[in-house]
Structure formats: structure tokens, C-alpha cells
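Given next are the chains, with one letter for each unit.
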Amino acid sequence: MHVPDGYLDAATTAGTAAVAAAGVAIALRGARRELDERTAPMAGLTAAFVFAVQMMNFPVAYGTSGHLIGGALTAVLVGPWTAVLCMTVVLLVQALVFADGGLTALGTNVTLMALVAVAAGYGIFAGLRRVLPAGRTGVLTAAGLGAFLSVPAAALAFVLLFGAGGVADVPLGSVAAAMGAVHLLIGLGEAAITVAVLGAVLAVRPDLVRGARGLQVAPELAPRPSAAQPLDLR
Amino acid sequence: MTAPRRRTRAFLLAGILIALLIAGVGSYYANSSPDGLEATAAEQGFDSTARDSATAGSPLADYATAGIDSARLSGGLAGVVGVLLVLALAGGLVIAVRRRDDRAAVATHD
């Protein structure tokens, strides 16, 4: 899904860079509410993990591959605003160090994978959490569907950008059909990886999954961190 | 250090180790077919408009380490460097952004 330089014209590229910059600026403020001494290390780990898993392209039909985007997974683990920051760091390192995704297209890739994928994935997750049963299965189902749909959502956003400022003159309808079809398949992989990773974290440390708060029922009788520290009564 | 904190540290270290193993060893077995966007671009005929990134000359461009012939080693090293780089940058960023006000942290535990 990493857009190289040259697919989109200068105006559209600049537009996505402005959208990305605004999105990251808002996320910096929002993430302050999500991050504390406990969740910050988890966010660093999640970003590094997403970078690693993005290297694992899996085969989909017609000699094509796909890889995890990780927007939904990250948002469920550490919160949507922090997820925008984590995804942006991953995309920044990929563009600057690994030449994966264009350099001028960095704003485009942040828009697609840090903003659209996170917003779609987390929006669907949060919406489904309200209507699904509150247990572990409900969390995993909501996350899986959010992850699945976040991939075609990002692909559709690319198609819209391509319609606005694609350099090549090709019919938009067939680009949309091809992008949609292959990214629905990649979305299945996205959902499978997201559910597997979330399921594993929920099994060992449900308290570290931000999107599952209110789910855990005191996993052990260990003292909570705050109880072991002198209370600051202000 | 309290027991839950030690458990959290063990969890984080295990997570980093898994990420390093995926990027350093697992990535060699990744599928090398074009991804969804590349395949669509080729099929629809807009792949020719792609230009090389200005960072294409990076010593780690395309997840290969310059000067190392073994594909397994070259890609594995690139992956390990990438994981550590993302960990340092994302970790540093979120630590800079996080709340320092421990009232809020205490409130979430109560």
C-alpha cells in the first residue's frame, strides 16, 4: 500500500502532506490523554512490532502480496491518537531509511495508513463494541472487522486521491475495482493477524489492551501498581 | 520494583524480542510478489509514473543492507535496525508526549 513518488501530481501530494501534518498535530494533543507512564512503553513496542510485521508480505491471489497495515491493531492496543503517532513513525522510518514509500509521498502514506486506516479501523471497532457482547469474543470480533475494513477503506482513499490527481490517464472505475478487490483479500490477512495478536495479548496481559478496558476482571490477586506506591493525595 | 511492574517489563522485553525475530529472521520468508498497489498499478498501466525515492540510495534501501551479499543476513540486519530505530523514535516520542501528571494515572487505577 506504500505509495511511491510519481503516482500523484504535485498539488494532490501537497494537499495530502497538509492533511497529514494537521492530523499528526491533532493526534499529538489527543495522545496526551491516552499516554501515561504505563501505556507509553506499550506504544513504543507496538510501533516496533508493526514495523516488523509489515515486512512479512503474505501471498494473496493472482501473484500478488499484501502485508499488515496495523492501524486497527495499534488503535485497539494503545488508543487511536497514539496509533496515529505510532503509524507515522513507522512510515517515516520506512520512507527515510528503507526507501519504502516515496519521500514526497510521505504525506500521502501518512494520510492513508496513519489517518484513514486508524480512523476506519478504530471507528468500526468502537461502534461494534457498543452493540456486541462485552466479553473477549466481542472485543476480538470488533477488532477483526475493523481491521478487515480498514484496508479497503485506505485503498478507496487512494483511489479518490488518484481520481483527484493521478498522473497517469487511466479509467478510475477500473482502478477502483482492481484496488478494491485485491485489498478486500489483503483485509482478510489484516483481520487474521490483528485477531491473533490481540488474542495473544488479551490472554497474557488484558490490562495492557486499551480497547479492552472494562473487560478485565482483576486477572490476579496481585496488588495493583498504584496500591504499592505511596498515594499522592492532592 | 513491584511484581506487576516486573511483569510488564518482561512482557515488553518479550514483545521486542518477537519483533526482532520477525524482522531479523522471519522477513526472509516473506512473499516477494508485488503488493496490492504495485500489482494494480502494473495491471492498470500507471506503474511507469513511479519515480525512485530520493532515499533510494540509502544503505538500507529496500530492506537490504549495502555491502552484504547474503540475502538472509542483509535483509535480517536491515529489519533489526528498523525495529530498533522505530522503537527508539516512537518510544521517545510517546514518552515526550505522555502526561507527567500522576493524579490522572492514579485515577485510572482506582
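Now for a look at the structure at hand. What you are looking at is a predicted structure, and each value in this text was computed from that prediction instead of being measured.

A few points about a nonpolar patch on the surface
All names here are of chain B. Together, L17, L21, V25, Y28 and Y29 make up a nonpolar patch on the protein surface, roughly 530 Å² of accessible area in all. On the secondary structure map, V25 appears in the loop between α1 (3–24) and α2 (36–44). A relative accessible area of 45% means that V25 is categorised as partly exposed.

As for the pattern of salt bridges
Applying the stated criterion across every chain, the model contains 3 salt bridges over all chains. A salt bridge links R98(B) to E37(A), with the nearest nitrogen and oxygen atoms 3.2 Å apart. Here the residue R98(B) occupies a position in the loop between α3 (71–97) and α4 (102–109), and E37(A) occupies one in the loop between α1 (10–34) and α2 (39–54), the pair thus bridging two chains. One salt bridge connects R205(A) with D207(A), and the closest N-O pair in it is separated by 2.8 Å. For R205(A), a relative accessible area of 4% puts it in the buried group. Take D207(A): its relative accessible area is 17%, and that puts it in the buried class. In the salt-bridge network here, residues are joined through shared partners; they are R38(A), R205(A) and D207(A).

Points about the packing of helix α3 (residues 71–78) of chain A against helix α4 (residues 80–97) of chain A
Residues and elements named next belong to chain A. At a minimum axis distance of 7 Å, the contact between α3 and α4 shows a crossing angle of 130°. Classified by the angle their axes make, α3 and α4 are oblique. Of the two elements, α3 crosses α4, and the hand of that crossing is right-handed. From α3, G71, T74, A75 and V78 reach across to α4, where they touch P80, T82, A83, C86 and M87. Broken down by class, the residue content of the contact of α3 with α4 amounts to 6 nonpolar, 3 polar and no charged.

Rules used in this analysis
- Residues numbered from 1 in each chain as written.
- Chains lettered and ligands numbered in written order.
- Predicted model: local features only at pLDDT ≥ 70, side-chain atom pairs only at ≥ 80, totals over all residues.
- Heavy atoms only, no water.
- Patch = residues over 30% accessible without salt bridge, like charges linked within 9 Å, V, L, I, M, F, W, Y side chains within 5 Å.
- Areas by Shrake-Rupley, 256 points an atom, 1.4 Å probe, with all protein chains shown as cover.
- Salt bridge = Lys/Arg side-chain N within 4 Å of Asp/Glu carboxyl O.
- Helix = DSSP H or I, 4+ residues; strand = E, 2+ residues; numbered from the N terminus.
- Buried < 20%, exposed > 50% of the residue type's maximum accessible area, 1.4 Å probe, protein only.
- Axes fitted to C-alpha atoms, helices over the stretch in contact; angles between N-to-C directions.
- Parallel < 35°, antiparallel > 145°, perpendicular 65-115°, else oblique.
- Left-handed = near helix turned anticlockwise from the far one by under 90°.
- Contact = heavy atoms within 4.5 Å.
- Nonpolar A, V, L, I, M, F, W, Y, C, P; charged D, E, K, R; others polar.

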